[in-house]
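Commentary on secondary and tertiary structure
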Amino acid sequence: MISNEQEKRAAVKAVKALNQVLSTQLVESNSLYKHRVEAVRNDIQKELGAYLARKELEKWERKYE
């Protein structure tokens, strides 16, 4: 679970790196590698989305207190 801005930045870097890995010939030619890398990338993206949603919710809660 991503809980702060430093972890968020690391997760964004990881997604970018995984996108680069997905574009390599080795991964493109091996569907097993491709699916595993995509699964990891998708999990990180889900966590990023959840973190951003929590931050937005906190902002709205402070606004209406």
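First, a word on what this report is: a plain description of the structure on this page.

Reading guide: rules and limits
Residues numbered from 1 in each chain as written. Predicted model: local features only at pLDDT ≥ 70, side-chain atom pairs only at ≥ 80, totals over all residues. Heavy atoms only, no water. Phe/Tyr/Trp six-rings, centres within 6.5 Å; stacked < 30°, edge-to-face > 60°. Buried < 20%, exposed > 50% of the residue type's maximum accessible area, 1.4 Å probe, protein only. Salt bridge = Lys/Arg side-chain N within 4 Å of Asp/Glu carboxyl O. Helix = DSSP H or I, 4+ residues; strand = E, 2+ residues; numbered from the N terminus. Expected span 1.5 Å × (residues − 1). Contact = heavy atoms within 4.5 Å. Polar contact = N/O pair within 3.5 Å; in protein donor to acceptor, adjacent residues only side chain to side chain. Arc of directions from axis to C-beta.

**Re the packing of aromatic side chains**
- Applying the stated criterion across every chain yields a total of one aromatic pair.
- Residues Trp60 and Tyr64 carry aromatic rings whose centres are separated by 5.6 Å and whose planes lie at 10° to one another, so their mutual orientation is stacked.
- Judged by relative accessible area, Trp60 falls into the partly exposed class, the value being 38%.
- When its relative accessible area of 61% is taken as the criterion, Tyr64 is described as exposed.

**Details of the pattern of salt bridges**
- Within the structure shown, the criterion is met by three salt bridges.
- The residue Glu58 makes a salt bridge to Lys55 at a minimum N-O spacing of 4.0 Å. Taken as a pair, Glu58 and Lys55 lie in helix α3 (residues 31–63) at a separation of three residues, close to a single helical turn.
- Since its relative accessible area comes to 33%, Glu58 is described here as partly exposed.
- Between Glu56 and Lys59 there is a salt bridge, with the nearest N and O atoms lying 3.5 Å from each other.

**A look at α3**
- The terminal C-alpha atoms of α3, which comprises 33 residues, lie 47 Å apart, in line with the 48 Å expected from a rise of 1.5 Å per residue.
- What α3 keeps buried is the set Val37, Arg41, Ile44, Leu48 and Tyr51.
- Residues of α3 that are buried make contact with α1 (5–22).
- Where α3 starts, the residue carrying a side-chain oxygen 3.0 Å from the main-chain nitrogen of Leu32 turns out to be Asn30.

**Some points on α1**
- An ideal rise of 1.5 Å per residue puts 26 Å on 18 residues; α1 measures up with 26 Å between its terminal C-alpha atoms.
- For α1, the full list of buried residues reads Ala11, Val15, Leu18 and Leu22. Down the axis of α1, the sector holding all buried residues measures 65°, keeping them to one side. Exposed residues on α1 whose side chains face more than 90 degrees from its buried face are Gln6, Lys13, Lys16 and Gln20.
- Packing partners of the buried residues in α1 comprise α2 (25–29) and α3.
- Capping the start of α1 is the job of one residue whose side-chain oxygen sits 3.1 Å from the backbone nitrogen of Gln6: Asn4.

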